[in-house]
Amino acid sequence: MPLIELENIRFAYSPEEQPVLRGLSMSVEAGACVALRGDNGAGKTTLFRILNGLSFPQSGRYLFDDTEITHGLLKKQREAKRFHQRMGYLFQNPDVMLFNATVRDEIGFGPRQLGLPAAEAEARIRDCMALFELELLADKAPYHLSGGQKKQVAFAAVLALNPEVLILDEPLAGLDRKTRERLLALLAELRAAGKTLLIATHDDALCQSLNAQILTLEDGQIRE
Amino acid sequence: MIPAWLKTEERIAPPRDGGAFALRSIKSLGGVMARLRVQRGRNGRLRIPPLVKLLLLLALIVTLSLARHLLLLLAIAALILGYAATLPPRDLVSILRPAAGAALLALLLFLPAMLMHPAGRMNNLIVVGKIFLSVIAVNCFNRRTQWNELTRALRRLHIPGVFIFVLDLTLKYIVLLGGLIVDLLTARELRAVGRDRKKYRSVGGVLGVTFLRSTELSRETWEAMCCRGFTDDYKGL
């Protein structure tokens, strides 16, 4: 049974506007790696917002682990939290994800929320900082970091929640070669660990190295 | 090499967590700010040029504030509600709701005075009516006029260019910062999967980042203007 299933999704930002998604259907198995492509404005970010329960389609059904994700369901705080813990979302613009005073606090926000014992939360923070080689930036304010560093801090903060599904909007955009290579290796490891990856990207190297299934978003629909 | 905990599947049983009122309020405020961008100012069946609309609005507000007699107030009410009736029902709701809210708030504020001095009750009710009608008129204008039309109308009224420029920039940054607040709070919400005992610390963080971003935006705009020949002396079109 697919972990994520979208059936005939139709979405427009307002009734006067042309719909961004027009009868979109797709399904993603647990542990799969899907690269989503499409022109600018094709609706990739909109699709990711729907997958994360931030926007809701005007018609069609979105099933996650056989549960229909609706506005009503996510209005229930506990259901919303349970869903968001399983679904990690890296925004295209990392600036909007960073609101804590230091990099350590930023990464620790998720583990603290999970109610992990202090030692375990601290270990997670350390592990995540090590994954992205952020140790030297631990006490710096995320706001003052470079674009690439911000992206890594945001990614580390998402990973600290240990989500089952990772939805990554252009994760390699704006990164230098060394960081790109490290991130590619990390994504391959996450894939091998059984995480489900959905990545919006125009990066051929990324699709090849992860052996990702490539889906193209065109005219509001998915084409394989 | 990824750590062992990242290879396991984790399911949480989130505890109850209340007190999100401030977060919701700030998010809805940010939403209102960000929505200014999609203000399209569609014209209703009755097409009035923006300059005429602006002048009519100013005249209406001045007349409303000077009106002393109930009859004049009723005549203005008929005019405003007659215009509002030409709008689609969906717009009507969003015009009338804030007006009713403002009138209700005014009524609550006047209530002690109305109870203690019954003689002045009619005057108080007239003021409440004026507030109701003023908010409807401004909302109708807002719904039916695009920002760029407003700018053009102000230019035709020979309002100084620098004033219009500042107004345009202000609106632009209200939209940008509103969007930033909404995005930051959304990102926070996605990671706030347990009980957050330090909610207000994150709210402080969001507002702090917004403040830093606003100062950075103003500096960047200033620098971009200087690069295009701006020398403190704004020359409007």
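All values reported here derive from a predicted model rather than from experimental measurement. (Residues numbered from 1 in each chain as written. Chains lettered and ligands numbered in written order. Predicted model: local features only at pLDDT ≥ 70, side-chain atom pairs only at ≥ 80, totals over all residues.)

### Notes on the overall build of chain A
For chain A, the helix and strand inventory stands at 8 helices and 10 strands. Scaling as 2.2 N^0.38, a compact globule of 224 residues should have a C-alpha radius of gyration of about 17 Å, and chain A matches this with 17 Å. Along the first, second and third principal axes, the C-alpha set of chain A runs to 45 × 40 × 35 Å. Among the 224 residues that make up chain A, the fraction classed as buried is 45%. For chain A, the share of sequence-separated contacts (at least 6 apart) that also reach a separation of at least 24 residues comes to 69%. (Helix = DSSP H or I, 4+ residues; strand = E, 2+ residues; numbered from the N terminus. Rg over C-alpha atoms; globule rule 2.2 N^0.38 Å. Buried ≥ 20, exposed ≤ 12 C-beta atoms within 10 Å, placed from the backbone. Contact = placed C-beta atoms within 7 Å.)

### Here we look at the interface of chain A and chain B
With 34 residues of chain A in contact, the opposing surface of chain B contributes 29 residues. Taken together, the elements giving at least two residues each to the side of chain A that touches chain B come down to helix H3 (77-86), helix H4 (103-114), helix H5 (118-131), helix H6 (147-159) and helix H7 (177-192) of chain A. In terms of residue class, the side of chain A that touches chain B is built from 17 nonpolar, 10 polar and 7 charged. (Nonpolar A, V, L, I, M, F, W, Y, C, P; charged D, E, K, R; others polar.)

### Observations concerning the packing of helix H2 (residues 50-66) of chain B against helix H6 (residues 147-156) of chain B
Residues and elements named next belong to chain B. Across the interface, H2 lies against H6 with an axial gap of 8 Å and an inter-helix angle of 75°. Taken together, H2 and H6 sit at an angle that is classed as roughly perpendicular. Counted together, Pro50, Leu51 and Leu54 of H2 and Glu149, Leu150, Arg152, Ala153 and Arg156 of H6 form the full contact between these two elements. Here the contact of H2 with H6 is built from residues that sort into 5 nonpolar, no polar and 3 charged. (Axes fitted to C-alpha atoms, helices over the stretch in contact; angles between N-to-C directions. Parallel < 35°, antiparallel > 145°, perpendicular 65-115°, else oblique.)

### Section: the environment of A:Phe64
Residue and element names in this part refer to chain A. Position of phenylalanine 64 relative to the elements: it lies in strand E4 (residues 59-64). The class for phenylalanine 64 is buried, based on 21 C-beta atoms found within 10 Å. Through-space distance from the C-alpha of phenylalanine 64 to that of alanine 30 is 10 Å; in sequence the pair is 34 residues apart. Leave out the neighbours within four places in its chain, and phenylalanine 64 touches Leu3, Ile4, Ile69 and Phe83.

### Considering the domain arrangement of chain B
For chain B, the assigned domains are domain 1 (4-21 + 158-227) and domain 2 (60-144). Computed from C-alpha coordinates alone, the two centres of domain 1 of chain B and domain 2 of chain B are separated by 35 Å. (Domains from an automatic or database assignment.)

### Some words on the sheet that holds strand E3 (residues 33-37) of chain A
Residue and element names in this part refer to chain A. One open sheet holds the 6 strands; their spatial order is E6-E7-E8-E3-E9-E10, and the pairing between them is mixed. Every other strand in the sheet has two partners, leaving strand E6 (87-90) and strand E10 (221-223) as the edge strands with one partner each. Put simply, the sheet's adjacent strands are angled 20° from each other on average, direction ignored. Sheet topology places E3 next to strand E9 (residues 213-218); 4 bridges connect them, and they run parallel. By the bridge assignment for E9, leucine 36 is matched with leucine 215. (Pairing = 2+ DSSP bridges.)

### Section: the sheet that holds strand E2 (residues 21-28) of chain A
Residue and element names in this part refer to chain A. Strand order in the open sheet made by the 4 strands is E2-E1-E4-E5, with antiparallel pairing throughout. Here the strands that pair on one side only, and so sit at the sheet edges, are E2 and strand E5 (67-68). Sheet strands touched by helix H1 (residues 44-51): strand E1 (4-11), E2 and E4. Its angle to E1, the strand with the most contacts, is close to 120°.

### Quick notes on the pairing of strand E7 (residues 165-169) of chain A
All names here are of chain A. Of all 5 residues that make up E7, 5 are buried, and the element is covered over most of its length. Going residue by residue along E7, you find Val165, Ile167 and Asp169 tucked away on one face and Leu166 and Leu168 tucked away on the opposite face as well. Two strands pair when backbone bridges link them, and E6 and E7 are joined in this way by 4 bridges, in the parallel orientation. Across the sheet, methionine 87 pairs through a bridge with valine 165, a residue of E7. In this region the chain leaves E7, passes through H7 and returns to the parallel neighbour strand E8 (residues 196-200); the handedness of that crossover is right-handed. (Right-handed = clockwise from strand over helix to strand, strands pointing away.)

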